[in-house]
Amino acid sequence: MPRSFTIKVPCSSANIGPGFDVVGLALSIWLELRVKVDDSLSGVPQNCEISYEGEGAKDLPRVADSNLITRTALYVLKCHDIRSFPATTLVHIVNPIPLGRGLGSSGAAVVAGVMLANAIGQLGLSKDRMMDYCLMIERHPDNVTAAMMGGFVGSYLRELDAVDMERKEIPLSEVLPEPAGGVDTGLKPPEPPNGIGHYIKFGWAKEVKAIAIIPNFELSTANSRSVLPKMYSAKDMIFNLQRLAVLTTALTRSPPDADLIYQAMQDKVHQPYRKTLIPGLTEILLSVTPKSHPGLLGICLSGAGPTILALATHNFETIASEILARFSKEGVECAWKVLEPAYNGAEHIEE
């Protein structure tokens, strides 16, 4: 009998100011996979037929071993001695997450791919175990942990032991290479170690929403990381650590303390160095404050950028209009959305 199910994965914003590569926030733009398994169909490569709508529809591949979502799924299936999708798997991808904007589009794709494999192969993996597969592919835990687990999370990667470090496929890369699973993984890739990453979910005050200001240009994570220094001063690291220690609790308090949160969202580790890549970034980050725009709590670059994230309790349109005007002076057009935390993270819904 044909089987149908849906997988939903939220977008995410990493860093939230001082938490570079440490914290992430799942937000309410959802990547969806609408999946149907119908064994009456046949003749499709890898037994998987892909259709696509939304962001990236013109450019992203529709071949199972090239598309990041299905390539990830094939890697996980091969780890369990399943060489291809069941015949025939129809995957309709609906993606409203802007690509290359600092909203975790690749992280969402990786999480969706792992969840697709778990569902299609009936593997019975827990979310914690699925995270190990995600972290074999996407080595920055902030986005993928937020997307999988939901809410406001802090995460880290554990140090791998000597035996694990000798395995060439750990880490695979920033993005899963071809052939899927890495060059030395053979027909059956080794399963990832258990507990590669660890995380904790912080609270979140119910009043706090996120305004996403999304510029109309892409900025790759690799390019955005290339401008960062290899070493930092103790002074700058202490500056960020102090603020991060305050921020993760301040965002749980109701009512939120705007002055405390605004200062706690300052950063000296990544945002100052990315100003050359995002026109007017320094001025934009200083353009709104809790005093000039009541309702604002804090403002930061979302992930690697160029999206700006403003946390606020009200006055959303006025805050957004000010940031949009600043970008406009630099010749940059933007869209904007008011988003809420996606508390439950990725979901699998059987139909």
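The structure under discussion appears in the preceding block.
What you see is a predicted model; the values in this text were computed from it and never measured.

## Description of the environment of Phe239
Here's step 1: Relative to the assigned elements, Phe239 resides in helix α7 (residues 234-250).
Here's step 2: For Phe239, a relative accessible area of 16% corresponds to the buried category.
Here's step 3: Apart from the residues lying within four places of it in its own chain, the contact partners of Phe239 are Gln266, Asp267 and Lys268.

## Concerning the packing of aromatic side chains
Here's step 1: Counted under the stated rule, the structure contains four aromatic pairs.
Here's step 2: Between the aromatic rings of Phe152 and Trp204, the centroid separation amounts to 5.3 Å while the plane-to-plane angle is 75°, which identifies the pairing as edge-to-face. Linking Phe152 in strand β5 (residues 152-157) with Trp204 in the loop between β6 (197-202) and β7 (209-215), this pair joins segments that are 52 residues apart in sequence.
Here's step 3: Relative accessible area serves as the criterion here: at 2%, Phe152 is assigned to the buried category.
Here's step 4: A centroid spacing of 6.2 Å and a plane angle of 70° characterise the contact between Tyr232 and Tyr273, whose relative ring orientation is edge-to-face. Remark: Tyr273 occurs in the loop between α8 (258-264) and α9 (281-286) and Tyr232 occurs in the loop between α6 (221-226) and α7; sequence separation between them is 41 residues.

## As for the pattern of salt bridges
Here's step 1: Enumeration according to the criterion identifies eight salt bridges in this entry.
Here's step 2: Put simply, Arg3 and Glu350 hold a salt bridge, and the shortest N to O gap is 2.7 Å. Taken together, the residues Arg3 in strand β1 (residues 3-15) and Glu350 in strand β11 (residues 347-350) connect sequence positions 347 residues apart.
Here's step 3: For Glu350, a relative accessible area of 42% puts it in the partly exposed group.
Here's step 4: A salt bridge links Glu218 to Arg101; the shortest N-O distance between them is 4.0 Å. In this pair, Glu218 is assigned in the loop between β7 and α6 and Arg101 in the loop between β4 (89-95) and α2 (105-120), connecting sequence segments 117 residues apart.
Here's step 5: Given a relative accessible area of 13%, Arg101 falls into the buried group.
Here's step 6: What emerges from the salt-bridge pattern is a single network uniting Arg129, Asp132 and Glu191.

About the criteria used
Residues numbered from 1 in each chain as written. Predicted model: local features only at pLDDT ≥ 70, side-chain atom pairs only at ≥ 80, totals over all residues. Heavy atoms only, no water. Helix = DSSP H or I, 4+ residues; strand = E, 2+ residues; numbered from the N terminus. Buried < 20%, exposed > 50% of the residue type's maximum accessible area, 1.4 Å probe, protein only. Contact = heavy atoms within 4.5 Å. Phe/Tyr/Trp six-rings, centres within 6.5 Å; stacked < 30°, edge-to-face > 60°. Salt bridge = Lys/Arg side-chain N within 4 Å of Asp/Glu carboxyl O.

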